[in-house]
Amino acid sequence: MAERRAFAQKISRTVAAEVRKQISGQYGGSPQLLKNLNIGGSVSHHTTVPLTEAVEPVDLEEYLNSHPLAVESGPLRDLLEFPRDDIEVVSTPRECRTLVSAVPEESEMDPHVRDCVRSYTEDWAIVNRKYHKLGTGFNPNTLDKQKERQKGLPRQVFESDEAPDGNSYQDEQDDLKRRSMSIDDTPRGSWACSIFDLKNSQPDALLPNLLDRTPNEEIDHHNEDQRKSSRHKELFALHPAPDEEEPIERLSVPEVPKEHFGQRLLVKCLSLKFEIEIEPIFASLALYDVKEKKKISENFYFDLNSEQMKGMLRPHVPPAAISTLARSAIFSITYPSQDVFLVIKLEKVLQQGDIGECAEPYMIFKESDAAKNKEKLEKLKGQAEQFCQRLGKYRMPFAWTAIHLMNIVSSAGSLERDSTEVEVGTGERKGSWSERRNSSIVGRRSLERTTSGDEACNLSSFRPATLTVTNFFKQEGDRLSDEDLYKFLADMRRPSSVLRRLRPITAQLKIDISPAPENPHYCLTPELLQVKLYPDSRVRPTREILEFPARDVYVPNTTYRNLLYVYPQSLNFANRQGSARNITVKVQFMYGEDPSNAMPVIFGKSSCPEFSKEAYTAVVYHNRSPDFHEEIKIKLPATLTDHHHLLFTFYHVSCQQKQNTPLETPVGYTWIPMLQNGRLKTGQFCLPVSLEKPPQAYSVLSPEVPLPGMKWVDNHKGVFNVEVVAVSSLHTQDPYLDKFFALVHALDEHMFPVRIGDMRIMENNLENELKSSISALNSSQLEPVVRFLHLLLDKLILLVVRPPVIAGQIVNLGQASFEAMASIINRLHKNLDGNQDQHGRNSLLASYIYYVFRLPNTYPNSPSPGPGGLGGSVHYATMARSAVRPASLNLNRSRSLSNSNPDISGTPTSPDDEVRSIIGTKGLDRSNSWVNTGGPKAAPWGSNPSPSAESTQVVSSATDRSCNRMSSHTETSSFLQTLTGRLPTKKLFHEELALQWVVCSGSVREAALQQAWFFFELMVKSMVHHLYFADKLEAPRKNRFPERFMDDVSALVSTIAGDIVSRFQKDTEMVERLNTSLAFFLNDLLSIMDRGFVFGLIKTCYKQVSSKVYSLTNPSSLASLKLDFLRIICSHEHYVTLNLPCSLLTPPASPSPSVSSATSQSSGFSTNVQDQKIANMFELSVPFRQQHYLAGLVLTELAVILDPDAEGLFGLHKKVINMVHNLLSSHDSDPRYADPQVKARVAMLYLPLIGVIMETVPQLYDFTESHNQRGRPSCVAVDDYESEGGSMISQTVAMAIAGTSVPQLTRPSSFLLPSSSGRQHSTFSTESSRSLLICLLWVLKNADESVLQKWFTDLSVLQLNRLLDLLYLCVSCFEYKGKKVFERMNSLTFKKSKDMRAKLEEAILGSIGARQEMVRRSRGQLERSPSGSAFGSQENLRWRKDMTHWRQNTEKLDKSHKPARSRAEIEHEALIDGNLATEANLIILDTLEIVVQTVSVTESKESILGGVLKVLLHSMACNQSALYLQHCFATQRALVSKFPELLFEEETEQCADLCLRLLRHCSSSIGPIRSHASASLYLLMRQNFEIGNNFARVKMQVTMSLSSLVGTSQNFNEEFLRRSLKTILTYAEEDLELRETTFPDQVQDLVFNLHMILSDTVKMKEHQEDPEMLIDLMYRIAKGYQNSPDLRLTWLQNMAGKHSERSNHAESAQCLVHSAALVAEYLSMLEDRKYLPVGCVTFQNISSNVLEESAVSDDVVSPDEEGICSGKYFTEAGLVGLLEQAAASFSMAGMYEAVNEVYKVLIPIHEANRDAKKLSTIHGKLQEAFSKIVHQSTGWEFLLVEFFFPFSAPFPPPPLFVFGLFWFVFCFVLHCGTPNFILAKSYANSSTPLMAQGMWCCQLQALQCPGAGTRAFLSSP
């Protein structure tokens, strides 16, 4: 037992044996896990269901029908049924960013475009569970919501918080001490000082009506009203949620699908200024990624020219649209990196001369020299004006520069100003960059620094920067391509850049760069649509610049966008004859061959119209093979035809004005048809160029086709390189997707043949092509699949629901579509794993289901349900199910349920394949006119190969049935060929989906299982839509879905549960996902299906998992899955309603299962029906588990996992406890259950929780231990005492003051169930224990009191005691920590958080390393570690943060590494903790009151009331609020008044305890607490007096308590206690009833005695360092304990100990003789034995003073009372021990005569016991003593001893001076020798007090006396 936990040690063992006996007698066998514990009430023939098996759930719909609602309306009514508006289908308008939505302008659209547009504009179809937010998944126990619920809490007053600060407190104490020193001025024994002090002190307020005689019922009623008023409603608002990750049941609502943007950057172009201003300059900006070698944005064109410069171009430029005047742009960067540059390119009007010549003036002229060069500049200006007039519409490249974006961002980020100014340029010839910050020059390197990684690439939070770019590089005519640009940019980052050596063009371009605001005003999309908000159309806009992400972005399209970018790259006219040198390319988008067919769809650049019909590239002067760097942006028409094409016309531009020379001469033509076989043509092209205009109808052909009679440049070789890029949400640009959509639309339009690529697909070939295109979807690129995900899934679903009719046959594509969906979803999951929530749900798919998916319209041609249809004139047929289906697992109905005809081959490989084996082969009659959908293994049409033996029967019967169900359709199948009529649909998506899933196999099944969540959620949404649009949401649940569908669902759930069980060890991650998906599915079904049926499904899963769990050696992982499953199901928002909270458990008519949990002993229950009902409510009986089905499952799980004998489930304690905690805290905050009546119903679902927790008491963390560590008195076992070497005094003085007989604070000793094998219970962690106990308190707080009372009446004494034990533990668990603790934790945690953690970890791992831990675990010796927690038992984790002593309140803050908490936070935390402590204790008090009421009517009340009192006293001992203590004292007074004999006759130890508690609170610094404590103490005395007209017992115990209190309390304040004593005196004076009795005088005596003890004890603490004074005070205190033998004995021993410490052996011996005399006095009253001394008279030969120990006064308490003389010394052995110690001390003191006198008392005792060995020892010692007397004798000593002994005592006789006088004489004689003895004698007889006093005061300290005995009494005045 040595290693048993401290708490367990204090619990008696008797109960355990009894319980074991009872259980084994009743059930036989050992009480193994509750599974074998089928307690069946008292009727033995009842069938029982063990807790480990699922019971048959109640048929909820049936139950509700057969039990009409008793309540008409009100809060209870809402508990009975789901609200009518529980589920709604909401059509939510899609939020549009732009003022007008982006849609094509054309009215005529082809089906694909129509579908796309519908997909981008249709409203969201959202299924809304209105009350979903009230489920536990959205538990308000988050920090913010907690704070909301904690508003308005009152501040509780705690004494520990009220104690003043150290210094002031100390001063106050000193002051009080000075005041109490006045006691010295009066002689001890004069009561005068006490009376004087007390009379002058003030009493506290008296309680009104305290002394009235009020009936107990009235008092109880009053107390209850007081207690219940203004209580905090929500207990869990005060309790922090358990520390867990995101709760598993929380499903986040997916994000709304929206357009993708990267990080957004706002660039404002402020000004562009050159040294000379002679002509307009045009600028463009774009982003480039050097590493990816990719342009990552479209161009932004801006115009910063002055009005004067713009005027030079007026003839060429029509009025500018405002959209082209933008000077600021928002760029988006999805993948920011260190390689991104902002490139600025400048162009100017074309002029004669190459770029170098044209740039020269800009390099040589300086603005400062303008006056000097005025003429030259005028000339240049004149030339420029001419060029503008003539060549104004052509441009030439001019200059460029680049800004390394990330350097700007990171530099700006590090600056402290709000915005930064950065100058970028090349000052001298060397430089290209410099940076000006706050007008100080910083070396140019700072801008070249690049940080590694992308951590500096955050564009959302840097400080805005203003850049001044000062240098541009002139463009090189032969290096204009992008390839050249990337080389330049890469070079720019090198320190020795080539560019630095170039001569720059000086200019000043000012740009602002800042993070883009969230919603900028006046913004235009890339299509020039106005973004909201756009208050004024006349304001210069900001342009959003389209991003071309560096890598793929996987986001579905949500807006209509259809843009084309054309990039002419290079032209090679080197081999062309004729003059073609200044070449420009005119680009046009044509819808026909006629020149007038050019479409105005080309976006304008800057300061021009929005759209134009043509665009020109810039001209490189005199270059026959120019490069181009143009970007031409085109708005594509929605519907393209074969005639749409891009036309490129090449012109030679004549720069010089010559006679008869046209400005531009066409020198070549080429084109690109836009469509090729129906697909948009994009990519890189190298085109041949024709010298002549193309012929008629050229546009449908490609220029690569050699047209007859045409001339081509360079023999039809490719000479023109151009790239065409589409950014389109219409064109997939993926061949597989294109083919699929094309075929689907061909079916829609019924247009055959279909051209796809080079193929023409005829109708008879369509089916195979369609199937192959569906399976080929897997080969398509992921990026387009994601972009068109919504449309793709819509189409696949449509094919499932409405199989098309092809050539008169219905083609079933269900299986193919299901397979395609499964594979697409898995691809997304694998490739986009960063895109998943905690349940592995891909966010893109989740948002598709939540927002986009809707049931396809019910009839072809009708609009789809809700706004917007999946419309179109679709030729679809619909069929009733006809093919053979599997007989569902676990169902005995075999029904034909198939709607398609998938061929399933292969043998069953596992039990869950059975369902598929059943339909292994099938044959169908041709008359069904179905097209075979099987693969090559399909049986030939019409044949019926013999099916496998096991399925023959089912198949044939199913086939018969299916033929019958088909007949009506087969008759009408002939008209399908006409394609005029269509069959009304019978296929519903959820039905088809369930069927396909059940019958699929192999890789398809695996793929579906991997992403089961997707199909489950799809199925649920389909079911809700179906109910909503078919108006069935109001229909009875049993009629909502056909049985065949329910069979499919059953089969599906059953096989998936089988998968979980069979694969949980192999595919852990997949099974976890599958498990949660299944649980969410069932949770959803509870909202829409027959709930009894869903309960059946839950039972199916449960059964499969449970049977496996209990067969495993290490079941924890599977059991953990089961808990997750259960927790998700129980997170349903109507969980309470599902549990039928208002149903009363009716006793079943037939002999029925009634399992009681181990909490109930059947003996405790009567057998009548009413009691049986109550019993069933509190135990996990079968009726309870059936009717409260989900709550039953939760509590059963809890009971099974917490069972100490449950193998391998220890790690799940925290998990299962958190589940219950989570549910209760959710109910607690749920507004629907705020009404107390409703809450009581909810609490009823958890009544068995009380019993379950009672079972776990031995395993709970022992919160009481910390009390003992904190210096509260704790038990010292006798053997501990003896093991200390038997030293008389083992405690320090302070603890000694408390004495050993002080009332003890122990754990109630009511019970313990040791485990059968003697194995140690694994202890729960503190957090788990705390969570369990708060759950218990919640149930006790909210449960119906009358129900609790009835149950308590039925409980046995053992069980009630166990309940009281739990309450005792709760008191310690929720004790208030105190503000100072929070502050200390705060400083501890945050000053050296890391340091501490390291030290702590080192301590933990150092002192208990893994090895030691393993060894200890193997021995089962998990002792408590110093931090009060059993390491190693903490759920098998080696390092746990909740073991740190600062864990409880800091881990949340610690996680986020915040700085130390503010004062306000600490205050708030203390406020919450104080309110929690108060509320928890008030709940405990409420429960105790119920127990008292219950028990007062039963016979067994005494033992239980003792337990009640124990809990009450324990709560008084803890740190409590003033509010609670007032209620507590009221309850205590009522209890004493009802059961006075309880305290004064039975629970005497409790009486002592109570006195201690009351006295402690009498010294409280808080007035109301003192008032109540004084009142309680006075009533206690009064009650005691009234019982026997003598309250010696209370007197003694109060006196003992005082000593204990003063000894143990650290900051004890005597002033407050004095006030309380005064209050008690006041009550005694005002008590009219007892005025005539002796009671008031006795009270006064007691109070004065207490007061003196108090003063002396307080002083004793002050005089620790002054041994003489200390001993004097000890003597006086012992005197005060004359009526408390135990305490007096303690003090005598304390004094003996003090003397022997200082080697004053004679004095020590005298103290021991007095101790022995005291023991003898009381022993003679207890035991009448002749050989024992008759009392203290026997000892008067040793010292006459021992007569003080005689017990003769009125106040003497008889020793046979419990708790009196109970110490180990009040026995014969104790007496012998004391005498032997006294003899030894006398011997050491050399007082051998006294040795003889002591042994005279001892010898008769040993003789009576015939202890020859002891006798021989004694006689040996006597011989030694006498021989020493002989040797030492000189004659003087004898005289002296003779003279001395009459006075010798440890205490002086009353005339104090006599002893002092003798002492002087004694020393004088020794010093002076014989002659002076007479003088001494005469002094001794002198009666002159002054002289005697003076002599005593000398103390003759210098005297060195030869014998030890001579200075014996030096310090005993």
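Residues numbered from 1 in each chain as written. Predicted model: local features only at pLDDT ≥ 70, side-chain atom pairs only at ≥ 80, totals over all residues. Heavy atoms only, no water.

Draft legend 1. Seen up close, the packing of helix α23 (residues 843-852) against helix α28 (residues 1012-1029). Between α23 and α28, the least distance of the axes is 10 Å, while the angle of their chain directions is 0°. If you check the angle between α23 and α28, you find them roughly parallel. Contacts between α23 and α28 involve Leu-845, Ala-846, Tyr-848, Ile-849, Tyr-850, Tyr-851 and Val-852 from the first element and Trp-1013, Phe-1014, Glu-1017, Leu-1018 and Lys-1021 from the second. Its residues assigned to classes, the contact of α23 with α28 comprises 10 nonpolar, no polar and 2 charged. (Axes fitted to C-alpha atoms, helices over the stretch in contact; angles between N-to-C directions. Helix = DSSP H or I, 4+ residues; strand = E, 2+ residues; numbered from the N terminus. Parallel < 35°, antiparallel > 145°, perpendicular 65-115°, else oblique. Contact = heavy atoms within 4.5 Å. Nonpolar A, V, L, I, M, F, W, Y, C, P; charged D, E, K, R; others polar.)

Draft legend 2. The arrangement of the packing of aromatic side chains in detail. Under the definition given, this model contains 43 aromatic pairs. Residues Phe-1014 and Phe-1015 carry aromatic rings whose centres are separated by 5.4 Å and whose planes lie at 80° to one another, so their mutual orientation is edge-to-face. For the residue pair Phe-1014 and Phe-1015, the accessibility class agrees, reading buried in each case. Residues Trp-1351 and Phe-1352 carry aromatic rings whose centres are separated by 5.9 Å and whose planes lie at 40° to one another, so their mutual orientation is tilted. With relative accessibility at 1%, the residue Phe-1352 sits in the buried group. Taken together, the aromatic side chains of Phe-818, Trp-997, Trp-1013, Phe-1014, Phe-1015, Phe-1016 and Phe-1081 make up a single cluster linked through ring pairs. Taking NZ or CZ as reference, Arg-395 lies 4.0 Å from the ring centre of Phe-282, over its face. (Phe/Tyr/Trp six-rings, centres within 6.5 Å; stacked < 30°, edge-to-face > 60°. Buried < 20%, exposed > 50% of the residue type's maximum accessible area, 1.4 Å probe, protein only. Lys NZ or Arg CZ within 6 Å of the ring centre and 35° of its normal.)

Draft legend 3. Region of the structure containing helix α45 (residues 1357-1373). Over its 17 residues, α45 extends 24 Å from the first C-alpha to the last, a length consistent with the 24 Å expected when each residue adds 1.5 Å. With 15 of its 17 residues buried, α45 lies for the most part within the structure. (Expected span 1.5 Å × (residues − 1).)

Draft legend 4. Summary view of the pairing of strand β2 (residues 124-129). In terms of residue burial, β2 counts as a mostly covered element, since 5 of its 6 residues are buried. Taken together, the 6 bridges between strand β1 (residues 87-92) and β2 define a ladder with antiparallel strand orientation. Note on β2: the bridge partner recorded for Ile-87 is Arg-129. (Pairing = 2+ DSSP bridges.)

Draft legend 5. Molecular detail of helix α30 (residues 1068-1088). For α30, built from 21 residues, the straight-helix expectation of 30 Å at 1.5 Å per residue is met to within 8% by its first-to-last C-alpha distance of 31 Å. A large share of α30 lies buried, amounting to 18 of its 21 residues.

Draft legend 6. Fine view of the nonpolar core. Ranked by internal contacts, the top residues of the largest apolar core, which has 352 residues, are Trp-997, Phe-1014, Leu-1082, Leu-1085, Tyr-1246 and Ile-1250. If we skip the residues at most four places from it in the chain, Leu-1085 touches Val-1020, Met-1023, Arg-1037, Val-1049, Val-1094 and Leu-1097. (Core = buried A, V, L, I, M, F, W, Y, C linked by side-chain atoms within 4.5 Å.)

Draft legend 7. Geometry of the pattern of salt bridges. Enumeration over the complete set of coordinates arrives at 81 salt bridges. Taking the shortest distance from any N to any O, the salt bridge between Glu-224 and Lys-228 comes out at 3.4 Å. Of this pair, Glu-224 and Lys-228 both sit in helix α11 (residues 216-228), 4 residues apart, which is roughly one turn of the helix. Note on Lys-228: relative accessible area 34%, which makes it partly exposed. With a closest N to O distance of 2.7 Å, Asp-837 and Arg-841 form a salt bridge. The class for Arg-841 is buried, based on a relative accessible area of 7%. (Salt bridge = Lys/Arg side-chain N within 4 Å of Asp/Glu carboxyl O.)

Draft legend 8. Quick look at the confidence of the model for the protein chain. Per-residue confidence for the protein chain averages 77 on the pLDDT scale, and 72% of its residues sit at or above 70. Overall, residues 1401-1458 carries pLDDT values under 50, and its contacts beyond four positions in sequence, including any with other chains, amount to 108 contacts. Segment residues 1837-1917: pLDDT under 50, and 106 contacts once partners within four positions in sequence are set aside and those in other chains are kept. (pLDDT = per-residue confidence, 0-100.)

Draft legend 9. Representation of the pairing of strand β18 (residues 562-571) within the structure. For β18, the buried fraction is high: 9 of the 10 residues fall into the buried class. As paired strands, β18 and strand β29 (residues 718-728) are joined by 9 bridges and run antiparallel to one another. Within β29, the residue paired with Asn-562 across the bridge is Ser-728.

Draft legend 10. Here's a closer look at the side chain of Asp-1084. Tracing the sequence through the fold places Asp-1084 in helix α30. Assessed through its relative accessible area of 19%, Asp-1084 is described here as buried. Here Arg-129 takes part through its side chain, which lies 2.5 Å from a polar atom of the side chain of Asp-1084. (Polar contact = N/O pair within 3.5 Å; in protein donor to acceptor, adjacent residues only side chain to side chain.)

Draft legend 11. Structural detail: the environment of His-1026. Turning to its location among the elements, His-1026 is positioned in helix α28. Sequence separation of His-1026 and Phe-1041 is 15 residues, and the distance between their C-alpha atoms is 9.8 Å. Sequence-distant contacts of His-1026, that is, excluding residues within four places in its chain, are made with Leu-855, Leu-988, His-990, Lys-1032, Arg-1040 and Phe-1041.

Draft legend 12. The arrangement of the packing of helix α50 (residues 1463-1495) against helix α52 (residues 1522-1538) in detail. Running from amino to carboxyl end, α50 crosses α52 at an angle of 15°, the nearest separation of the two axes being 10 Å. Overall, the two elements α50 and α52 adopt an arrangement that is roughly parallel. Of the two possible hands of crossing, α50 and α52 adopt the one that is left-handed. Within the contact between the two elements, α50 uses Thr-1478, Asn-1481, Leu-1482, Leu-1485, Glu-1489 and Val-1492 and α52 uses Leu-1523, Tyr-1524, His-1527, Cys-1528, Thr-1531, Leu-1535 and Lys-1538. (Left-handed = near helix turned anticlockwise from the far one by under 90°.)

Draft legend 13. Representation of the environment of Ala-1530. Inspection of the secondary structure assignment puts Ala-1530 in helix α52. By relative accessible area, which is 14% here, Ala-1530 ends up buried. Each C-alpha atom of the pair Ala-1530 and Gln-226 lies 9.9 Å from the other, and the pair is 1304 residues apart in sequence.

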